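Fold and geometry: a report
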Amino acid sequence: MARRPTSLDIAQLAGVSQPTVSRALRGSKDVNPQTRARIEAIARQLNYAVDKNASSLRRQATNTLALLLFEDPTPDESMINPFFLSMLGSITRSAAAAGYDLLISFQQLSGDWHVDYQDSHKADGIILLGYGDYEAYQARLAHLVKQGTHFVRWGALSQDATGCTLGSDNEGGGAMAAQHLIGQGRRRIAFLGHADSHYPEFEERHRGYVRALREAGIEPDPALQVDAVTTQAAGAEAVAELARRGASYDAIFAASDSIAIGAMRALQAQGFEVPGDVAIAGFDDIAAASLTTPPLTTVTQDTRAAGEALVTALLAQLSDEQPETRALPTRLVVRESSVAAR
């Protein structure tokens, strides 16, 4: 090979996952002997050599990964984004399959989480979910990079993203939701959610929404964009703000399902019919989305693939490799909240 072979090369040739290669090469007994022999043979053929310094670090490893979930910036400082909760099962299974325990911790962004895990050696690497205000959070990420902490995060894939980042195609998903609402004959589509660099995932979803409107010959109305964090209360308050502005609208695209559910309930409490008067679409496809009345149209993110990708990327770092920042595809799930009866 023209470049130095990696454990990912071995995994591809052996037809197994990268974590399986890592476990086999460290002599883990939970790898099938025939599989381990095949992996070792391929490693020899590629002249694959484990870095001695990395090997030394692994001998001192805890065999534990830390998953830090951050509280959303709500008044009671107790809210965890339900989308992140839906990823727990996939992350836990992927870590266990690689021979790692998973330490789950709920954190406040104001705490010293960015130094605690490195200094205390609680875990070999960190998975970060959630961040509140990204501009405040980014300084903590830079500190993790500076001190050499192995970490991956789920979030927006902006050019200035710090550290290894995985996320969804937020802009594409936002465009899909808006295009669907336009296809239902809606022309005055409100966007509920922040649309600035403090909340980059929402900003990307808003960018997709704006692109879809303009492609349909509709100029976005700034009066139809209302800031909202990921809570049902914020969705209800956004609907109240639209009323205070005297805004006329026939559809809502909410930057998260929680916002969409809060908006739907607020509209119904005021006597509006969904989707007859106002069609609604959300983003995330949390468990509650299919249980609302009517069920919520939403953009789904593949939480199983996301959890597996986060663990795989972190284990690659622990093997002194550099995983790529990448976006996972999104898909529109159409339900009754956006489709009027014909």
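Let me begin by describing the structure that accompanies this report. (Residues numbered from 1 in each chain as written. Predicted model: local features only at pLDDT ≥ 70, side-chain atom pairs only at ≥ 80, totals over all residues. Heavy atoms only, no water.)

1. Overview of the sheet that holds strand 8 (residues 251-254)
Adjacent strands of a sheet pair through backbone hydrogen bonds, lying either parallel or antiparallel. Strand order in the open sheet formed by six strands is 7-6-8-9-10-12, with mixed pairing between adjacent strands. Each edge of the sheet is formed by a strand with only one pairing partner; in this case those strands are strand 7 (225-226) and strand 12 (330-333). Taken together, the four bridges between strand 9 (residues 279-284) and strand 10 (residues 297-301) define a ladder with parallel strand orientation. Within the sheet, the bridge partner assigned to Phe 283 lies in strand 10 and is Val 299. With respect to the sheet, helix 9 (residues 170-183) is in contact with strand 6 (189-192), strand 8, strand 9, strand 10 and strand 12, its orientation differing from that of strand 12 by roughly 25°. Set on the sheet, helix 12 (residues 257-269) makes contact with strand 6, strand 8, strand 9 and strand 10; between it and strand 9 the angle comes to about 155°. (Pairing = 2+ DSSP bridges. Helix = DSSP H or I, 4+ residues; strand = E, 2+ residues; numbered from the N terminus. Contact = heavy atoms within 4.5 Å. Axes fitted to C-alpha atoms, helices over the stretch in contact; angles between N-to-C directions.)

2. Regarding the nonpolar core
Inside soluble globular proteins, nonpolar side chains tend to come together where they are buried. Counting 74 residues, the largest nonpolar core has Leu 129, Trp 154 and Ile 252 as the members making the most contacts within it. Per-element accounting of this core gives the leading share, eight residues, to helix 13 (residues 303-318). Apart from the residues within four sequence positions on either side, Leu 129 is in contact with Leu 67, Leu 68, Leu 69, Phe 70, Phe 84, Met 87, Ile 91, Trp 154 and Leu 310. Within the second largest apolar cluster, 11 residues are counted, among which are Ala 14, Ile 42, Ala 43 and Tyr 48. (Core = buried A, V, L, I, M, F, W, Y, C linked by side-chain atoms within 4.5 Å. Buried < 20%, exposed > 50% of the residue type's maximum accessible area, 1.4 Å probe, protein only.)

3. Topic: the packing of helix 2 (residues 18-25) against helix 3 (residues 33-45)
Orientation of helix 2 relative to helix 3, taken along the N-to-C sense of each, is 90°, at an axis distance of 9 Å. When the interaxial angle is binned, helix 2 and helix 3 end up roughly perpendicular. Mapping the contact onto sequence places Thr 20, Val 21, Ala 24 and Leu 25 in helix 2 and Thr 35, Arg 36, Ile 39, Glu 40 and Ala 43 in helix 3. Residues that form the contact of helix 2 with helix 3 fall into these classes: five nonpolar, two polar and two charged. (Parallel < 35°, antiparallel > 145°, perpendicular 65-115°, else oblique. Nonpolar A, V, L, I, M, F, W, Y, C, P; charged D, E, K, R; others polar.)

4. Section: the packing of aromatic side chains
All chains considered together, the criterion is met by five aromatic pairs. Seen from their ring centres, Phe 83 and Trp 154 are 6.3 Å apart, and the 45° between their planes marks the pair as tilted. Here Phe 83, found in helix 5 (residues 82-85), pairs with Trp 154, found in strand 4 (residues 151-154); they are 71 residues apart in sequence, far enough to count as distant. Since its relative accessible area comes to 4%, Phe 83 is described here as buried. Seen from their ring centres, Tyr 209 and Phe 253 are 6.5 Å apart, and the 35° between their planes marks the pair as tilted. Highlighted residues: Tyr 209 in helix 10 (residues 200-215) and Phe 253 in strand 8, separated in sequence by 44 residues. Counting every residue linked through ring pairs, the aromatic cluster contains Phe 83, Phe 84 and Trp 154. Above the ring of Phe 283, the side-chain terminus of Arg 205 is found at 3.8 Å from the ring centroid. (Phe/Tyr/Trp six-rings, centres within 6.5 Å; stacked < 30°, edge-to-face > 60°. Lys NZ or Arg CZ within 6 Å of the ring centre and 35° of its normal.)

5. Considerations on unusual backbone geometry
In terms of backbone geometry, most residues other than glycine have negative phi values and most peptide bonds are trans. The residue after Val 274, namely Pro 275, is reached through a cis peptide bond having omega 10°. Structurally, Pro 275 can be placed in the loop between helix 12 and strand 9. A cis amide bond links Thr 293 with the next residue in sequence, Pro 294, at an omega value of -5°. Mapped onto the elements of the fold, Pro 294 is located in the loop between strand 9 and strand 10. For Asp 285, which is not glycine, the phi torsion reads 60° and is therefore positive. With respect to the helices, strands and loops of the structure, Asp 285 is situated in the loop between strand 9 and strand 10. Accessibility expressed as a relative area gives 23% for Asp 285, which makes it partly exposed.

6. Remarks on the pattern of salt bridges
Counting across every chain of the model gives 11 salt bridges. Close ionic contact of Asp 284 with Arg 205 constitutes a salt bridge, the shortest N to O distance being 3.9 Å. Placement of Asp 284 in strand 9 and of Arg 205 in helix 10 is noted, with a sequence separation of 79 residues between them. Taking relative accessible area as the criterion, Asp 284 reaches 5% and is therefore assigned buried. Residue classification places Arg 205 among the buried positions, given a relative accessible area of 3%. A salt bridge links Arg 211 to Glu 215; the nearest nitrogen and oxygen atoms lie 3.8 Å apart. In this pair, Arg 211 and Glu 215 are both assigned in helix 10, four residues apart and thus about one turn of the helix distant. Via salt bridges that share partners, Glu 171, Arg 207, Arg 211 and Glu 215 belong to a single interconnected network. (Salt bridge = Lys/Arg side-chain N within 4 Å of Asp/Glu carboxyl O.)

By themselves, these observations are geometric and do not establish any function.
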